[in-house]
Amino acid sequence: KARLSRRAENKLSCQGNILFFDKLQISPEISFVGNRIDGAKKLKAYILANLSMEYKLNSNLEFFSRAENILNYDYQLVSGYETPKLSFYGGFKLTF
């Protein structure tokens, strides 16, 4: 049986949401993706861990942040194309 290109035979993911005092939500996520075949190349397995947070200051203002690839793992989704190393994002949402 031939494997589909860029599809891992094994993949495992786990995500959680933790809520503190109805204001702060922390969401960790971790994934293991097994090796994959991309054309004639074999792409190595990798572990990807992300963490996001949301803080609701009041009914009108919410802050959010996200850290991706917090293990700073070197991996490729497609042969020859690198993925970002450790990355941080953030912002706020104003409702009125």
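To start, this report covers the structure provided alongside it.

Reading the values: rules and limits
- Residues numbered from 1 in each chain as written.
- Predicted model: local features only at pLDDT ≥ 70, side-chain atom pairs only at ≥ 80, totals over all residues.
- Heavy atoms only, no water.
- Salt bridge = Lys/Arg side-chain N within 4 Å of Asp/Glu carboxyl O.
- Helix = DSSP H or I, 4+ residues; strand = E, 2+ residues; numbered from the N terminus.
- Buried < 20%, exposed > 50% of the residue type's maximum accessible area, 1.4 Å probe, protein only.
- Contact = heavy atoms within 4.5 Å.
- Polar contact = N/O pair within 3.5 Å; in protein donor to acceptor, adjacent residues only side chain to side chain.

Quick look at the pattern of salt bridges now. Where charged atoms from two side chains of opposite charge come close, those side chains can pair. With the rule as written, the count across this model stands at 3 salt bridges. Among the ionic pairs, Arg66 bridges to Glu68, the shortest N-O distance being 2.7 Å. Put simply, Lys85 and Asp74 hold a salt bridge, and the shortest N to O gap is 3.6 Å. With a gap of 11 residues between them, Lys85 in the loop between strand S9 (81–82) and strand S10 (87–94) and Asp74 in the loop between strand S7 (61–68) and strand S8 (76–78) connect regions that are remote in the sequence. The exposure class assigned to Asp74 is partly exposed, which follows from its relative accessible area of 36%.

Next up on the list: the environment of Gln25. Here Gln25 shows up in strand S3 (residues 24–33). Overall, the relative accessible area of 27% leaves Gln25 in the partly exposed class. Placed 64 residues apart in sequence, Gln25 and Tyr89 show a C-alpha to C-alpha distance of 16 Å. Other than its neighbours up to four places away in sequence, Gln25 contacts Asn17, Ile18, Leu19, Ser52, Met53 and Glu54. A polar side-chain atom of Gln25 sits 3.4 Å from a polar atom in the side chain of Ser27.

Here we take up unusual backbone geometry. Unusually for a residue other than glycine, Phe21 sits at a positive phi of about 55°. Take Phe21: it is sitting in the loop between strand S2 (18–20) and S3. Non-glycine residue Asn69 carries a positive phi angle of around 55°. Structurally, Asn69 can be placed in the loop between S7 and S8. Judged by its relative accessible area of 2%, Asn69 falls in the buried class.

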